[in-house]
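This is what each chain is made of:
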Amino acid sequence: EGPKDGKVKLKCTSEGWFPQPQVQWRDMEGNTIPSSSQDLTQGSQGLFQVEAFLLVTNSSIVNVTCSISSPLLGEEKKTTFYASG
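Residues numbered from 1 in each chain as written. Predicted model: local features only at pLDDT ≥ 70, side-chain atom pairs only at ≥ 80, totals over all residues. Heavy atoms only, no water.

A. Region of interest: the pattern of salt bridges. Summed over all chains, the structure comprises 1 salt bridge. A salt bridge links Lys 11 to Glu 51; the nearest nitrogen and oxygen atoms lie 3.1 Å apart. With Lys 11 in strand β1 (residues 7-17) and Glu 51 in strand β5 (residues 48-57), the pair connects residues that are 40 residues apart, well separated along the chain. Given the relative accessible area of 18%, Glu 51 is considered buried. (Salt bridge = Lys/Arg side-chain N within 4 Å of Asp/Glu carboxyl O. Helix = DSSP H or I, 4+ residues; strand = E, 2+ residues; numbered from the N terminus. Buried < 20%, exposed > 50% of the residue type's maximum accessible area, 1.4 Å probe, protein only.)

Right under this line is the structure:
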């Protein structure tokens, strides 16, 4: 979402996880960036859905990767957000 007030809100979401997944945001150099907020819900079948948000200023971070993983199962899904304009 955005830009708004010089900031962009990124959203990373995934569902169908068990056990509870871990979310990590990383910059281009691989440094961890803390989520602005995170929402975890468990559905009727026991599977988890996660939504993580990251609020960034237009110039502070160019490319950001969101990784949702289950270390116990060795599964990971990633997506990268690329800044434009």
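B. Summary view of the packing of aromatic side chains. This structure, assessed with the given rule, holds 2 aromatic pairs. With 6.2 Å between their ring centres and 15° between their planes, Phe 18 and Phe 48 make a pair best called stacked. Within this pair, whereas Phe 18 is found in the loop between β1 and β2 (22-26), its partner Phe 48 is found in strand β5, the two being separated by 30 residues in sequence. Look at Trp 25 and Phe 81: their rings are 5.8 Å apart centre to centre, the planes differ by 35°, and that puts the pair in the tilted class. Placement of the pair is Trp 25 in strand β2 and Phe 81 in strand β7 (residues 75-82), with a sequence separation of 56 residues. Taking the relative accessible area as the measure of exposure, Trp 25 reaches 1% and is therefore buried. Above the ring of Phe 53, the side-chain terminus of Lys 9 is found at 4.7 Å from the ring centroid. (Phe/Tyr/Trp six-rings, centres within 6.5 Å; stacked < 30°, edge-to-face > 60°. Lys NZ or Arg CZ within 6 Å of the ring centre and 35° of its normal.)

C. Representation of the sheet that holds strand β6 (residues 63-70) in the model. In spatial order, the strands read β3-β2-β6-β7; together these 4 strands make up an open sheet with antiparallel pairing. Where the open sheet ends on each side, the last strands, each with one partner, are β3 (32-33) and β7. When β6 meets β7, the two strands line up antiparallel, connected through 8 bridges. Paired with Cys 66 across the two strands is Thr 79, which belongs to β7. (Pairing = 2+ DSSP bridges.)

D. Up close: the sheet that holds β1. Taken in spatial order, the 3 strands line up as β1-β5-β4 in an open sheet, and their pairing is antiparallel. Each edge of the sheet is formed by a strand with only one pairing partner; in this case those strands are β1 and β4 (37-42). Direction aside, neighbouring strands of the sheet carry axes that sit 10° apart on average. The pairing of β1 with β5 spans 10 bridges and is classified as antiparallel. Bridge pairing in β5 links Lys 9 to Leu 55. (Axes fitted to C-alpha atoms, helices over the stretch in contact; angles between N-to-C directions.)

E. Up close: the state of the cysteines. The tally for this structure, following the rule as stated, stands at 1 disulfide. Two residues share a disulfide in this structure: Cys 12 and Cys 66, whose sulfurs sit 2.0 Å from each other. Taking the sign of the torsion about the S-S bond as the criterion, the disulfide between Cys 12 and Cys 66, at about -90°, is left-handed. Within this pair, whereas Cys 12 is found in strand β1, its partner Cys 66 is found in strand β6, the two being separated by 54 residues in sequence. Here Cys 12 matches Cys 66 in class, with each residue buried. (Disulfide = S-S within 2.5 Å.)

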